[in-house]
Amino acid sequence: MAPVLLPRILDGGHANLDALGIAYIVLAIVYTLILGGELWLLNRHRSVFSVRIRNIKIVFAAVCMLHVYLVLVLFVYPLNGLFPCWVEFWVMSVFLPSGMAFFQACNARVLTIYESQNRLQRNFLEGARKKRISYTPRGLWAVWRDLNAASKVYVGTVVGLVISFIPAVILFFSSRRFHASYGVFARVVDEIECRRGPEWIPSILVQLFWTSLVGPWILWKIRHVQDIHGWAWQTRLAVLAGLPGTPLWMAFTYGKLPGMRSMDRYFAPAGWFIPSLFVCQQVLILIPLYEVYRAQPRRACVFSSSSSLSSSDTDALTYVSSVNKGPQITLGKELKPKASMQALEYSINNSIESLIDWAASREFTAENTIFLREVRNFRRKWAGLRMVTTAQRRQMFTEASLIFFTLVDPLTAEMPINIEYKVFRSLQNTFSTLEYDPYKPPSRSNTPISPSSRDNVICPWEDTLTRPTSVDSNMTSSSITSSTKSFVPSEFTEDVFDAAFESIKYLVFTNTWPRFVE
């Protein structure tokens, strides 16, 4: 909150319950109810892809913290001097910096997803690889460098709050402005002058850091993002909305122009944060809700026109009801031949890279198309063999498990695909005999070594998918046969991913493919 400059109206005395004061209270109550309804709708649709990728927990934290500050700003005039200066100081030092930090974390989320999608497109094994932490300056710097944008903002939030909290505690207990009975500097002042002291400067610097440094940094990093979910534009609007609040607060707090002082009689300087806070909150909520409700009429059109499609296309549309990954595209009478299931299957078999590139840069669903490509390659590699040796069967199981752990399993994959639980459970049981180790194995030379002496450990640092259909091994034939029988299920074949492949193919057909064709 900001200083109240003129004692004529805001004089630190009795409450101002005139028409303007009541209007401020009503505005705070009405807007709180509206915001609560919007958050309820957002939470109701939290499973929709356009909402889920935004990390609804961080959105709620940012919106609520900013709203606490916004409501207290609206209560400055009605409460007059009944709201103690020291309480206002802690609100200014905790809620506003925390709200701005979580707000920028929401904005950084789009950059995190964008970078993750680019990493998947470049090499889907890269995101699954982890390095053990070395607690040295160089090792900690490497950990910081490898963090995604959102994680860096989260760490910066914690560090920033600690750094800003320490001087806030020192200033509060040392300044006599907040308490007349003790202190080491400043003089005892009234409630009006209390809000004009230099003790408020650290909290202002923290706000400037988040709005004037972190915000523009995010804008620069996402300058090439052009997603179809409106996420990049949401972030740009949100960051720009947060820029003018702090400069205006400082101008009307410490400015001495007659016009400023006249306005301060009815509108506290902290009120200049309200437009920024309002826009910041609404863009975090309304744009995702718009994406949710935009999907509904399209979904209705899809099902109403399903009678004009082929049987395979109708099956694909039926699948939409069980897996919702985003707004559905209108097919039906306007459906072109190149948007059919046969066209998608041709693209998967012959030219899927362009589809992967579009899904990664525009829709943020590259994991689905990459899974289709990897399963396609897996089938081509192994389905053509008439006879599979024991060593080849072991290699085939290892390659299949690498696909499962890096693209399917939600506990180990960076961006797991979205399949039915029944299909996932079947795959999970198939690969239950294996252990997944994402950490880089130690090596004393340039020669790659096994991540473990155990045969049932899968490590993404060894790219077995590019190996030919034979393996070199120093193990004897009997030892290979023995180890293979121990962890390769007897029912395992090259068709292990068939159900998941069909599920994701239908999902791509009803969501990604029509947009890509358009």
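As annotated in an unreviewed UniProt entry, the protein carries the name RGS domain-containing protein and comes from Pleomassaria siparia CBS 279.74.

Student: What is the right way to look at the layout of surface pockets in this model?
Tutor: Vacant regions in the atomic arrangement are exposed by a probe of water-molecule size rolled over the atoms. Here the largest pocket defines a volume of roughly 1,400 Å³. At eight residues, the largest contribution of residues to the lining of the largest pocket is made by helix H5 (residues 85-122). Among the residues making up the lining of the largest pocket, the classes are represented as 18 nonpolar, eleven polar and 16 charged. When residues of the lining of the largest pocket are assigned to domains, at least three map to each of domain 1 (19-297) and domain 2 (337-441 + 457-466 + 486-517).

Student: Would you mind showing me how to read the packing of H5 against helix H17 (residues 366-383) here?
Tutor: Relative orientation and spacing of two packed helices are given, respectively, by the angle between their axes and the distance between those axes. The interhelical angle for the contact between H5 and H17, taken along N-to-C directions, is 10 degrees, at an axis separation of 10 Å. The pairing of H5 with H17 is recorded here as roughly parallel in orientation. Two secondary-structure elements touch here, H5 through Gln117, Leu120 and Gln121 and H17 through Ala366, Glu367 and Ile370. Taken together, the residues that form the contact of H5 with H17 break down as three nonpolar, two polar and one charged.

Student: Explanation requested: the packing of helix H15 (residues 341-350) against helix H21 (residues 498-510) in the structure shown.
Tutor: It is at 11 Å that the axes of H15 and H21 come closest, and there the two elements cross at 115 degrees. The crossing of H15 and H21 is right-handed. Residues Met341, Leu344, Glu345 and Ile348 of H15 form the contact with H21, whose own contacting residues are Phe501, Lys505, Tyr506, Val508 and Phe509. Classifying every residue of the contact of H15 with H21 gives seven nonpolar, no polar and two charged.

Student: I'm lost on helix H9 (residues 201-221) in this one. Help?
Tutor: Residue pairs three or four apart in sequence face the same way in an α-helix, which turns once every 3.6 residues. Its 21 residues place the ends of H9 29 Å apart at the C-alpha level, agreeing with the 30 Å of an ideal helix rising 1.5 Å per residue. Of all the bends in H9, the largest measures some 25 degrees and sits at Val214, one to four residues before the proline Pro216. Three or more residues of H9 are buried, namely Ser203, Ile204, Val206, Gln207, Trp210, Thr211, Val214, Gly215 and Ile218.

Student: In this structure, what is going on with the pattern of salt bridges? I would like to understand it.
Tutor: Any two side chains of opposite charge can pair if their charged atoms end up close together. This model, assessed by the stated rule, comprises eight salt bridges. Residue Glu345 pairs with Lys505 through a salt bridge whose shortest N-O separation is 2.9 Å. Here Lys505 lies in helix H21 and Glu345 lies in helix H15, a separation of 160 residues in the sequence. Judged by relative accessible area, Glu345 falls into the partly exposed class, the value being 29%. The class of Lys505 is buried, set by a relative accessible area of 7%. Here Glu399 ties to Lys381 by a salt bridge, and the two come within 2.6 Å at their closest N and O atoms.

Cut-offs and rules
In every chain, residue numbers begin from 1 and rise along the written sequence. Where local features are concerned, this predicted model is filtered to residues with pLDDT of at least 70; where side-chain atom pairs are given and counted, the filter is 80 or more; whole-chain, interface and lining totals use all residues. Water and hydrogen atoms were dropped before computing side-chain values, which therefore reflect all heavy atoms in the structure. Cavity means a closed set of points on a 1 Å grid over the protein atoms alone, one where a 1.4 Å probe fits but cannot get out, pocket means an open set with protein on both sides within 12 Å along at least 5 of 7 lines, and lining means a residue has an atom within 4 Å of a point. Grid points are joined across faces, edges and corners, and a volume is the space filled by probe spheres set on the points. Here a strand is any run of E in DSSP of at least two residues, a helix any run of H or I of at least four, and the numbering for each starts at the N terminus. Amino acid classes used here: Ala, Val, Leu, Ile, Met, Phe, Trp, Tyr, Cys and Pro are nonpolar; Asp, Glu, Lys and Arg are charged; the rest, including Gly, are polar. For each domain, the first and last residues come from an automatic or database assignment. Note on geometry: axes are lines fitted to C-alpha atoms, helical ones only across the stretch in contact, with angles between N-to-C directions running from 0 to 180 degrees. Any angle that is under 35 degrees is reported as roughly parallel, and any over 145 degrees as roughly antiparallel; angles of 65 to 115 degrees are reported as roughly perpendicular and all others as oblique. Throughout, a residue-residue contact means that at least one pair of heavy atoms, one from each residue, lies within 4.5 Å. Whether a crossing is left-handed or right-handed is set by the direction in which the near helix is turned from the far one by less than a right angle, anticlockwise for left-handed and clockwise for right-handed. An expected span of 1.5 Å times one less than the residue number is assigned to each helix. To get the bend at a residue, fit one axis to the 7 residues ending there and another to the 7 starting there, then take the angle between the axes. Throughout this description, buried means an accessible area under 20% of the type-specific maximum (1.4 Å probe, protein chains only), exposed means over 50%, and partly exposed covers the range between. Think of a salt bridge as a Lys or Arg side-chain nitrogen and an Asp or Glu carboxyl oxygen that are within 4 Å of each other.

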